[in-house]
Amino acid sequence: MSLYHETAAILTAAGPNATHGGSLKSRIFKDKSLKSPPAQVYALALETSKWSAILKEVVEASDLLKHERKLTPALSLLLVHDLLLSKSGIALPATHGLRVSIERHKARLNSEFVRARIRRKCATLDALRTQVEIEARGGCPVHPRWIRVNTLKSTVEEQLATTFKGWEVVESVAEVIKAADAFDGQGKKGKKVIHIDGHIPNLIAACPGVADFTKTEAYKSGKIILQDKASCFPAYLLDPRPERDGDVMDTCAAPGNKTTHLAAIVHSRGTTTIFAFEKDPHRAKTLQKMVKTAGSDTFTVVNAGKDFLKVNPSDAKYRNVGALLLDPSCSGSGIVGRDDAPTLHLPSAPSSSSSSSSTINTKANPKGKQNNNKRKSPPTTTTTETQEPPAKVLIDDDGVAIPVSSQADLEARIASLASFQLTLLQHAMSFPAAKRITYSTCSIHAGENENVVLRALASDVAKRRGWRVLKRQEQVEGMRRWDVRGEAEAMTLEEGEVRDAVIRAYYRDDGRGVMGFFVAGFVRDGTIDDPVYLDDGVEQQQEGEEEEQEDPEGPFVRDEQGQIVRDENGIPTLKSTGKKAVDLKELEGDEESSVEYRIEGQEEEDEEEPYQRDGKGNIVRDDEGLPVLKEGRSDESEEEEEGGEDGDEWGGFDD
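Because the structure is a prediction, the values reported are computed rather than measured.

Definitions and limits used
- Residues numbered from 1 in each chain as written.
- Predicted model: local features only at pLDDT ≥ 70, side-chain atom pairs only at ≥ 80, totals over all residues.
- Heavy atoms only, no water.
- Helix = DSSP H or I, 4+ residues; strand = E, 2+ residues; numbered from the N terminus.
- Contact = heavy atoms within 4.5 Å.
- Areas by Shrake-Rupley, 256 points an atom, 1.4 Å probe, with all protein chains shown as cover.
- Buried < 20%, exposed > 50% of the residue type's maximum accessible area, 1.4 Å probe, protein only.
- Expected span 1.5 Å × (residues − 1).
- Disulfide = S-S within 2.5 Å.
- Core = buried A, V, L, I, M, F, W, Y, C linked by side-chain atoms within 4.5 Å.
- Patch = residues over 30% accessible without salt bridge, like charges linked within 9 Å, V, L, I, M, F, W, Y side chains within 5 Å.
- Salt bridge = Lys/Arg side-chain N within 4 Å of Asp/Glu carboxyl O.
- Phe/Tyr/Trp six-rings, centres within 6.5 Å; stacked < 30°, edge-to-face > 60°.
- Pairing = 2+ DSSP bridges.
- Axes fitted to C-alpha atoms, helices over the stretch in contact; angles between N-to-C directions.
- Parallel < 35°, antiparallel > 145°, perpendicular 65-115°, else oblique.
- Nonpolar A, V, L, I, M, F, W, Y, C, P; charged D, E, K, R; others polar.

**Q** Describe the overall build of the protein chain, naming the residues involved and giving the relevant values.
**A** Check the secondary structure of the protein chain and you find 21 helices and 19 strands. Long-range pairs, those at least 24 residues apart, make up 70% of the contacts in the protein chain between residues at least 6 apart in sequence. Of the roughly 33,000 Å² that the protein chain leaves accessible, carbon and sulfur atoms contribute 48%.

**Q** Any chance you could break down the environment of Ser-231 for me, citing the residues and the numbers?
**A** As for its placement among the helices and strands, Ser-231 is situated in the loop between strand S5 (224-226) and helix H12 (233-238). With relative accessibility at 7%, the residue Ser-231 sits in the buried group. Considering only alpha carbons, one finds Ser-231 and Phe-518, 287 residues apart in sequence, at a separation of 9.3 Å. Setting aside residues up to four positions removed in sequence, Ser-231 forms contacts with Lys-258, Met-515 and Phe-517.

**Q** How would you sum up helix H5 (residues 73-85)? Please name residues and give values.
**A** Over its 13 residues, H5 extends 18 Å from the first C-alpha to the last, a length consistent with the 18 Å expected when each residue adds 1.5 Å. The element H5 is extensively covered by neighbouring structure, given that 12 of its 13 residues are classed as buried. Within H5, burial applies to Ala-74, Leu-75, Ser-76, Leu-77, Leu-78, Leu-79, Val-80, His-81, Asp-82, Leu-83, Leu-84 and Leu-85.

**Q** Before we move on, could you go through the state of the cysteines and cite the residues and values that matter?
**A** Summed over all chains, the structure comprises zero disulfides. The thiol sulfur of Cys-442 is not disulfide-bonded, and the nearest other cysteine sulfur, from Cys-330, lies at 3.3 Å.

**Q** Which residues make up the nonpolar core, and what values do they have?
**A** Ranked by size, the top nonpolar core spans 43 residues in total, and within it Tyr-4, Val-80 and Ile-102 carry the most contacts. Only helix H1 (3-12), helix H2 (24-29), helix H3 (38-61), helix H4 (64-67), H5, helix H6 (97-103), helix H7 (106-119) and helix H8 (125-137) provide two or more residues apiece to this core. Residue contributions to this core peak at 10 residues, all from H3. For Ile-102, the contacting residues outside a window of four places in its chain are Leu-64, Leu-71, Leu-79, Val-80, Leu-83, Ile-90 and Leu-109. Listed in part, the 36 residues of the second largest apolar core include Tyr-439, Val-453, Ala-456 and Phe-522.

**Q** Please give an account of the environment of Val-291 that cites residues and values.
**A** By the element assignment, Val-291 lies in helix H15 (residues 281-294). Exposure remark for Val-291: the relative accessible area of 2% places this residue in the buried category. Those residues in contact with Val-291, other than ones at most four positions away along the chain, are Thr-259, Thr-260, Ser-296, Asp-297, Thr-300 and Val-302.

**Q** Tell me about a nonpolar patch on the surface, and name the residues and values.
**A** A cluster of nonpolar residues, Leu-160, Val-169 and Ile-196, forms a patch on the protein surface that exposes about 210 Å² of accessible area. Mapping Ile-196 onto the fold places it in strand S3 (residues 193-196).

**Q** Describe the pattern of salt bridges, with residues and values.
**A** Applying the stated criterion across every chain yields a total of 26 salt bridges. Across the pair Arg-512 and Asp-510 runs a salt bridge, and its minimum N-O distance is 3.1 Å. Among the charged side chains, a network of salt bridges with common partners joins Glu-47, Lys-50 and Glu-133.

**Q** Just give me the short version of the packing of aromatic side chains, but keep the residues and values in it.
**A** This structure, assessed with the given rule, holds 10 aromatic pairs. Centre to centre, the rings of Trp-51 and Phe-113 are 6.2 Å apart; their planes meet at 45°, and the pair counts as tilted. Within this pair, whereas Trp-51 is found in helix H3, its partner Phe-113 is found in helix H7, the two being separated by 62 residues in sequence. Residue classification places Phe-113 among the buried positions, given a relative accessible area of 8%. Ring plane angle 50° and centroid distance 5.6 Å describe the contact between Phe-164 and Phe-213, whose orientation is recorded as tilted. Of this pair, Phe-164 sits in the loop between helix H9 (156-161) and strand S2 (168-169) while Phe-213 sits in the loop between strand S4 (203-206) and helix H11 (217-220), placing them 49 residues apart in sequence. Taken as a pair, Phe-164 and Phe-213 share a single burial class, namely buried.

**Q** Any chance you could break down the pairing of strand S17 (residues 517-523) for me, citing the residues and the numbers?
**A** Of all seven residues in S17, seven are buried; the element is thus mostly enclosed. Across two bridges, the pairing between strand S15 (residues 468-469) and S17 is antiparallel. Following the sheet pairing, Arg-468 is matched in S17 by Val-523. As defined by bridge partners, strand S16 (residues 503-505) adjoins S17 across three bridges and the pair is classed as antiparallel. What sits directly across from Arg-504, in S17, is Phe-518.

**Q** Lay out the pairing of S3 in plain terms, naming residues and giving numbers.
**A** Along any regular strand the residues' side chains alternate between the sheet's two faces. Looking at chain direction, S2 and S3 are connected through two bridges and run parallel. Bridge pairing in S3 links Val-169 to Ile-194. Two strands pair when backbone bridges link them, and S3 and S4 are joined in this way by three bridges, in the antiparallel orientation. When the bridges of S4 are listed, His-195 appears paired with Ala-205.

**Q** Quick one: what's the story with the packing of H3 against H8, residue by residue and with numbers?
**A** Orientation of H3 relative to H8, taken along the N-to-C sense of each, is 105°, at an axis distance of 10 Å. As the angle between them shows, H3 and H8 are arranged roughly perpendicular. Only Leu-125, Leu-128, Arg-129, Val-132, Glu-133 and Ala-136 of H8 make contact with H3, whose side of the interface consists of Glu-47, Lys-50, Trp-51 and Ile-54. A class-by-class count of the residues in the contact of H3 with H8 yields six nonpolar, no polar and four charged.

**Q** Go over the sheet that holds S5 with me, naming the residues and quoting the values.
**A** The five strands lie next to each other as S2-S3-S4-S1-S5, forming an open sheet whose pairing is mixed. With one partner strand each, in any of the chains shown, S2 and S5 form the two edges of the open sheet. The strands touched by helix H10 (residues 173-180) within the sheet are strand S1 (145-149), S3 and S4, with S3 carrying the most contacts at an inclination of about 160°. In the packing of helix H14 (residues 257-267) onto the sheet, contacts are made with S1 and S5, and the angle to S1 comes to roughly 40°.

Shown next, in the form of structure tokens:
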């Protein structure tokens, strides 16, 4: 099946008869049956959808489907798109049947395309492109292309002299955004302007749509990484320092943007190990590739296919992990371009009436353009009455589509995610050496953000180990200056310090140019509940506690035969001090002593004999020389026997 047939099948499956959900991108890249490169299929599908309202007019006005009966409406849009708008034209051999069927109508298609441009009052093709892009956004704000310079391989200065040579450096993100929309309808295109970010080090905001950075040498070699500004918050806020925090852990690491950001930060400060976990084997491959490309594979351990929740915090491998980054699965409600495909307008087939045609919705409809072509008026795009609107779908940050038919469904989904996120956060808090944690989501819902933070702080593990929120005045300078904080509605007045500590970002037309995001930091000083872990991962007592239990031979000095060495009074000598276990001189007159010492002739308090005796009346002793108590007597009731052969002997301490 050709590129065009495969793309047509995916686009038409996006309608009400679709058998699976998800964004256009996730549907394409998860389709293992594709023979064409997924990236090529996605680019063709997306661009054709953007232009479909205009291309529909062109196809219908030229009677293309009437003359070429073997073409389907979807195929006609894809082929005409590449004929009119692709620099390389139709990606088929010159003699291929599909290409021949389109190119023999080239003159008519071109003339109808010019008429469509003029109807939209666009003097040039560039002006028309601008209009199409604005309509495709559906009213969404313009965002810059955020680019992080990977300091493991390059510097901002080097990139300004190479990748961004000839670009103008402006003072604010707002100027970059303004440059993206700097079109006056006469073909003026976006300018090459960039801004060096003032919050995140080594981050650049570039005017979108001006250059394809994925084709640059810097991108291919790992010198620059395309990463939204808000996505840089977690690693920067964590602020890992090897001398203070030891090793670092990224708990849900794929695709690797935050992992490689952590690597760039710690590499400039010392030597450490980064443990990256990704339970999905396919996503783990992407993570491994990105770590290698970024140049951090020498000190990053990728745990492919391993679930962080199944990691034993007591494992000796992680005994030095002092900083953890948590960016778990979430609703993805803050991601820019989640519904990435505009409405697909299909032309009418020859047998269709001129009163209706097909429309396939892959996201909310942008404002459509009605055709006012007086020469030949194509039918107005409508939706047939029998076609039910597509169900609303919540797509999380992993690309998983969850049908949401009501507010109750949404709340249930958020509650389910929050429960998982809280479990993950509490698990991170249990790592013995952990002193710093960042928790982040690309969600705008308080249920996944502020509520999770408050519940975590109130948990037993947080209280037991002394975890608290990282206060705003304690945060790194760039994050301290970020003024968008927690939602007031999600917290009480008493929780104001927490609200000021957590960080938010919104996908809004507010001049910041970031996606919806949330991040909070947690810290503890380590003075509470710091167990010492052996290499086998078994928790032990603090060093120095109950040392007598660590020596299998006990605390007393023994002779070559293993017998406890005693003096003439039967008192053993302590190994730790070399002194007698009991000083008889100190005991005389000490009524509060826990050891009773009796002298011959003293009146006995208990007439009952405490020790066992043999047939000759001698006290029965064990192998260590200690007297054996009668049944029912305890060590605390042990007293000296008055009279008899051994009545004046002291039995000594129980070893």
